[in-house]
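Notes for the structure review
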Amino acid sequence: MTKKEERLHKQQEKLLAERVRLEAMRTYEKEYENRGFLCGIDEAGRGPLAGPVVAGAVILPADCEILYLNDSKKLTQRRRELLYDEIMEKALAVAVGVVSHTRIDQINILQATYEAMRQAVGKLSVQPDLLLNDAVTIPDLSIEQVPIIKGDAKSVSIAAASVIAKVTRDRMMARMEEQYPGYGFASNKGYGSAAHIAALKELGPCEIHRRTFIRNFTGGDADGAE
């Protein structure tokens with residue numbers, strides 16, 4: 001076997017392994033394929049100290065193949081960006097819900113996450129018949145739901161929603177860096193990195209910091225924004 005043939009063989013083996021992995025991630029889609037349109041739901045931004053929480057809702061065609069689709073946290077930024085474009089191109093419907101830092105402080109992050117998820121479902125151009133959710137059951141929705149623990153690594157629909165939510169929120173936080181310089185939002189995306197916490201202590205909170213999340217870093221004076 002020549003080196004070229006060997007490289008081609010290895011590429012084919014990797015592609016086969018990837019398709020086997022994706023097939024395993026279609027277990028739930030196959031189980032519920034006769035129920036109509038299946039919609040994956042996931043969120044990004046429950047843990048950060050600043051910015052909104054964003055939910056993604058994605059309905060994929062039954063025969064859709066998106067190579068390397070996975071839990072967004074397991075992917076590089078470059079891979080997420082590429083997958084985002086492919087999902088937007090191939091999905092039957094995609095929608096996002098965004099709930100602000102102010103609303104998070106008002107109703108708590110769990111309720112804000114539910115609100116973002118309901119928004120996303122409500123914006124879909126195709127009415128889903130069943131929701132495949134990452135771990136949660138969303139209150140106040142009449143659509144049947146299947147919560148799946150670590151669903152973003154077990155369901156292609158949820159993984160797609162994970163990518164949409166993550167990329168959407170990351171882009172929003174990168175824009176926030178321009179509006180609120182000094183906190184490193186483009187790199188930390190609002191999460192509590194050491195540099196972010198140091199900036200928070202030095203500069204005080206900015207408008208998009210979640211006041212209920214930052215009390216431990218502001219000496220109880222969460223309103224002392226500059």
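Residues numbered from 1 in each chain as written. Predicted model: local features only at pLDDT ≥ 70, side-chain atom pairs only at ≥ 80, totals over all residues. Heavy atoms only, no water.

1. A short note on the overall build of the protein chain
- Per the secondary structure count, the protein chain includes eight helices and five strands.
- Secondary structure elements of the protein chain occur, N-terminal to C-terminal, as α-α-β-β-α-β-α-α-β-β-α-α-α.
- In terms of its C-alpha atoms, the protein chain occupies a principal-axis envelope of roughly 65 × 50 × 25 Å.
- A buried classification covers 48% of the 226 residues belonging to the protein chain.
- For the protein chain, the proportion of contacts with a sequence separation of at least 24, taken over those separated by at least 6, is 64%.
- In the form shown here, the protein chain has an accessible surface area of approximately 11,600 Å², with 51% of it arising from carbon and sulfur atoms. (Helix = DSSP H or I, 4+ residues; strand = E, 2+ residues; numbered from the N terminus. Buried < 20%, exposed > 50% of the residue type's maximum accessible area, 1.4 Å probe, protein only. Contact = heavy atoms within 4.5 Å. Areas by Shrake-Rupley, 256 points an atom, 1.4 Å probe, with all protein chains shown as cover.)

2. Regarding the nonpolar core
- Counting residues in hydrophobic clusters, the biggest one holds 23 residues, and the most contacted among them are Cys39, Ile41, Val53, Leu124, Leu131 and Ile138.
- Here this core takes seven residues from helix H5 (residues 109-123), the largest share from any one element.
- Residues within four places of Leu124 in sequence aside, it is in contact with Cys39, Ala57, Ile59, Ala93, Val94 and Ala95. (Core = buried A, V, L, I, M, F, W, Y, C linked by side-chain atoms within 4.5 Å.)

3. Overview of the side chain of Ser157
- Mapping Ser157 onto the fold places it in helix H6 (residues 156-179).
- Judged by relative accessible area, which is 3%, Ser157 ranks as buried.
- Residues contacting Ser157, with those up to four places away along its chain left out, are Glu29, Gly40, Val58, Leu60 and Leu132.

4. Some thoughts on the environment of Asn108
- As for its placement among the helices and strands, Asn108 is situated in the loop between helix H4 (101-107) and H5.
- Side-chain polar atoms of Asn108 contact the backbone nitrogen of Leu110, separated by 3.1 Å. (Polar contact = N/O pair within 3.5 Å; in protein donor to acceptor, adjacent residues only side chain to side chain.)

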